[in-house]
Amino acid sequence: MSANTRPPGPPTQTYDSAFLKACRREPVPHTPVWFMRQAGRSLPEYLKVREGVPMLESCMRPELVTEITLQPVRRHKVDAAIYFSDIVVPLKAIGVDLDIKPGVGPVVAEPIRRREDLARLRDLTPDDVAYVTEAIGALTGELGATPLIGFAGAPFTLASYLVEGGPSRNHENTKALMYGDPGLWADLLDRLADITAAFLKVQIEAGASAVQLFDSWVGALAPDDYGRSVMPASAKVFDAVAGYGVPRIHFGVGTGELLGLMGEAGADVVGVDWRVPLDEAARRVGPGKALQGNLDPAVLFAPREAVEEQAGRVLEAAAGLEGHVFNLGHGVLPTTNPDALTRLVEYVHTRTAR
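Residues numbered from 1 in each chain as written. Predicted model: local features only at pLDDT ≥ 70, side-chain atom pairs only at ≥ 80, totals over all residues. Heavy atoms only, no water.

Enquirer: Give me the lowdown on the side chain of Asp 117, citing residues and values where you can.
Expert: Among the secondary structure elements, Asp 117 is positioned in the loop between strand S3 (105-108) and helix H6 (130-143). With residues up to four places along the chain from it excluded, the contact list for Asp 117 reads Pro 111 and Ile 112. (Helix = DSSP H or I, 4+ residues; strand = E, 2+ residues; numbered from the N terminus. Contact = heavy atoms within 4.5 Å.)

Following this line, the structure appears as structure tokens:
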């Protein structure tokens, strides 16, 4: 931590929030709710302020980041805000030649596949992302008692983008490197772990109350490969920010077979996608962890009664958990009706009020 680091733990004004209590596995007044990708493309007010502004540029404008992050809190009354950014922002900040192309996703101009390519991944400093510090300072002032979740992409998912050059269905180049040159692979993930940890530290020191590590593509791996070739780097990230005392959340897609290992990596909260019921997920993760999830995002396109029935099933499966944060099993889909999200928050709050 830097010399001017605030004391360990979340900011005082958010400490007793339902979200942070659930993360700490303490009794809550109601099950807290937030949604991955709640700040973004499903909201008309988001589309309005983003009009004509490229994605990466929008992540670097503090006043725009502040407004977009606040929009779902105002509209849905969620229990936590998620910082508006993208997982490739720290890579862009250290000079990686990449862009986020509409309809495609992050695209890297020169993929990293040889040892000499590692030289392009320098250390991240707070000055590289000064706009993050500025935006979080503004956000925490606006949010008051509502926690702000900082986030970063996990080393494996960042490596996959860098090695493939963009999104990939089969991750063939990534796996070829992992299997074919395990030494280079380990060095790549270790370098990305340092960059990721530095990015999370900036967010925590600026005032984030919790952080989430997104490992969006790690479900493509078998447990043995994850444990041997990926978990050490994720564990390094979690260990690097452990001293701050803020909850650490770990999330991946298609990770039912990895849940136990993901918990072992060091998170306080394990995110679960919709493929595994929460009571079974708790068995796989083991004691001492809160869980987050896990309504199928597609359910929100069904009639209100069906949404509430499915949400009720999630809550029933979570009834015996040590701690539960209600969320979707992945991000909000772009054409989701925002009113469905607002009604879902109200339903969960009402049903679980204590």
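Back to the write-up after that little detour.
Enquirer: Could you give an account of the pattern of salt bridges, with specific residues and numbers?
Expert: Taken as a whole and judged by the stated rule, the model has 21 salt bridges. With a shortest N-O distance of 3.0 Å, Arg 24 and Glu 26 are connected by a salt bridge. Residues joined in a network through salt bridges with shared partners are Arg 114, Glu 116, Asp 117 and Arg 120. (Salt bridge = Lys/Arg side-chain N within 4 Å of Asp/Glu carboxyl O.)

Enquirer: Account for helix H7 (residues 155-164), with residues named and values stated.
Expert: Counting buried residues in H7 gives 10 out of 10 residues, a clear majority hidden from the surface. Those residues of H7 that sit buried are Pro 155, Phe 156, Thr 157, Leu 158, Ala 159, Ser 160, Tyr 161, Leu 162, Val 163 and Glu 164. Directly beyond the C-terminal end of H7, a positive phi value near 90° is found at Gly 165. (Buried < 20%, exposed > 50% of the residue type's maximum accessible area, 1.4 Å probe, protein only.)

Enquirer: Can you break down the layout of surface pockets residue by residue, with the values?
Expert: The volume enclosed by the largest pocket comes to roughly 1,100 Å³. What lines the largest pocket is a set of 36 residues, among which Arg 37, Arg 41, Met 55, Ser 85 and Asp 86 lie closest to the centre. Of all the elements in the fold, those that place two or more residues in the lining of the largest pocket are helix H2 (44-50), strand S2 (98-101), S3 and H7. Its residues placed into classes, the lining of the largest pocket shows 21 nonpolar, 10 polar and five charged. (1 Å grid on protein atoms, 1.4 Å probe; cavity = no way out; pocket = protein on both sides within 12 Å on 5 of 7 lines; lining within 4 Å. Points joined across faces, edges and corners; volume = space filled by probe spheres on them. Nonpolar A, V, L, I, M, F, W, Y, C, P; charged D, E, K, R; others polar.)

Enquirer: Mind laying out the environment of Pro 90, listing which residues take part and the relevant values?
Expert: Locating Pro 90 in the fold gives a position in helix H5 (residues 89-93). Considered as a pair, Pro 90 and Gly 153 are 63 residues apart in the sequence and their alpha carbons are 9.1 Å apart. Beyond its immediate sequence surroundings of up to four residues, Pro 90 is in contact with Leu 124, Ile 195 and Phe 199.

Enquirer: Now, about the environment of Ser 17: what can you tell me, with residues and values included?
Expert: By secondary structure assignment, the location of Ser 17 is in the segment before helix H1 (18-23). On the basis of relative accessibility, which here comes to 10%, the residue Ser 17 falls in the buried class. Expressed as a C-alpha distance, the spacing of Ser 17 and Pro 147, which sit 130 residues apart in the sequence, is 7.3 Å. Apart from the residues lying within four places of it in its own chain, the contact partners of Ser 17 are Ala 145 and Pro 147.

Enquirer: Report on the packing of aromatic side chains, specifying residues and quantitative values.
Expert: Tallied over the full model, the rule gives five aromatic pairs. Aromatic pair Tyr 46 and Phe 84: ring centres 5.8 Å apart, planes at 65°, arrangement edge-to-face. Highlighted residues: Tyr 46 in helix H2 and Phe 84 in the loop between strand S1 (81-82) and H5, separated in sequence by 38 residues. A relative accessible area of 6% means that Tyr 46 is categorised as buried. Between Phe 214 and Phe 251, the aromatic rings sit 6.1 Å apart at their centres with planes inclined by 80°, giving edge-to-face as the arrangement. In this pair, Phe 214 sits in strand S5 (residues 210-215) while Phe 251 sits in strand S6 (residues 248-252), placing the two residues 37 residues apart along the sequence. No difference in accessibility class separates Phe 214 from Phe 251, as the two residues are buried. (Phe/Tyr/Trp six-rings, centres within 6.5 Å; stacked < 30°, edge-to-face > 60°.)

Enquirer: Outline helix H4 (residues 62-76), listing residues and values.
Expert: Taking 1.5 Å per residue as the helical rise, H4 with its 15 residues ought to reach 21 Å, and the 22 Å between its terminal C-alpha atoms agrees with that figure. Along H4, the helix axis deviates most sharply at Leu 70, where the bend reaches about 25°; the proline Pro 72 sits within four residues downstream. Of all 15 residues that make up H4, 11 are buried, and the element is covered over most of its length. Of all the positions in H4, only Pro 62, Leu 64, Val 65, Thr 66, Ile 68, Thr 69, Leu 70, Gln 71, Pro 72, Val 73 and His 76 are classed as buried. On its buried face, H4 sits against H2, helix H3 (55-58), S1, H6, strand S4 (148-153) and helix H15 (338-352). Just downstream of H4 lies Lys 77, where phi reads positive at about 60°. (Expected span 1.5 Å × (residues − 1). Bend = angle between axes of the 7 residues up to and from the residue.)

Enquirer: Can you tell me about unusual backbone geometry, naming the residues and giving the values?
Expert: The omega angle of the peptide bond from Gly 293 to Asn 294 is -5°, so this bond is cis rather than trans. Tracing the sequence through the fold places Asn 294 in strand S8 (residues 290-295). Of note, the phi angle at Arg 37 is positive, near 60°, even though the residue is not glycine. Taking the relative accessible area as the measure of exposure, Arg 37 reaches 43% and is therefore partly exposed.

Enquirer: Tell me what's going on with the packing of helix H14 (residues 304-317) against H15, and back it up with residues and numbers.
Expert: Close contact between H14 and H15 brings their axes to 10 Å; oriented N to C, the two are set at 45°. Accordingly, the angle class assigned to the pair H14 and H15 is oblique. Crossing of H14 against H15: the hand is right-handed. Along its contact with H14, which presents Arg 304, Val 307, Glu 308, Ala 311, Gly 312, Leu 315 and Glu 316, the element H15 presents Arg 343, Leu 344, Glu 346, Tyr 347, Val 348, Arg 351 and Thr 352. (Axes fitted to C-alpha atoms, helices over the stretch in contact; angles between N-to-C directions. Parallel < 35°, antiparallel > 145°, perpendicular 65-115°, else oblique. Left-handed = near helix turned anticlockwise from the far one by under 90°.)

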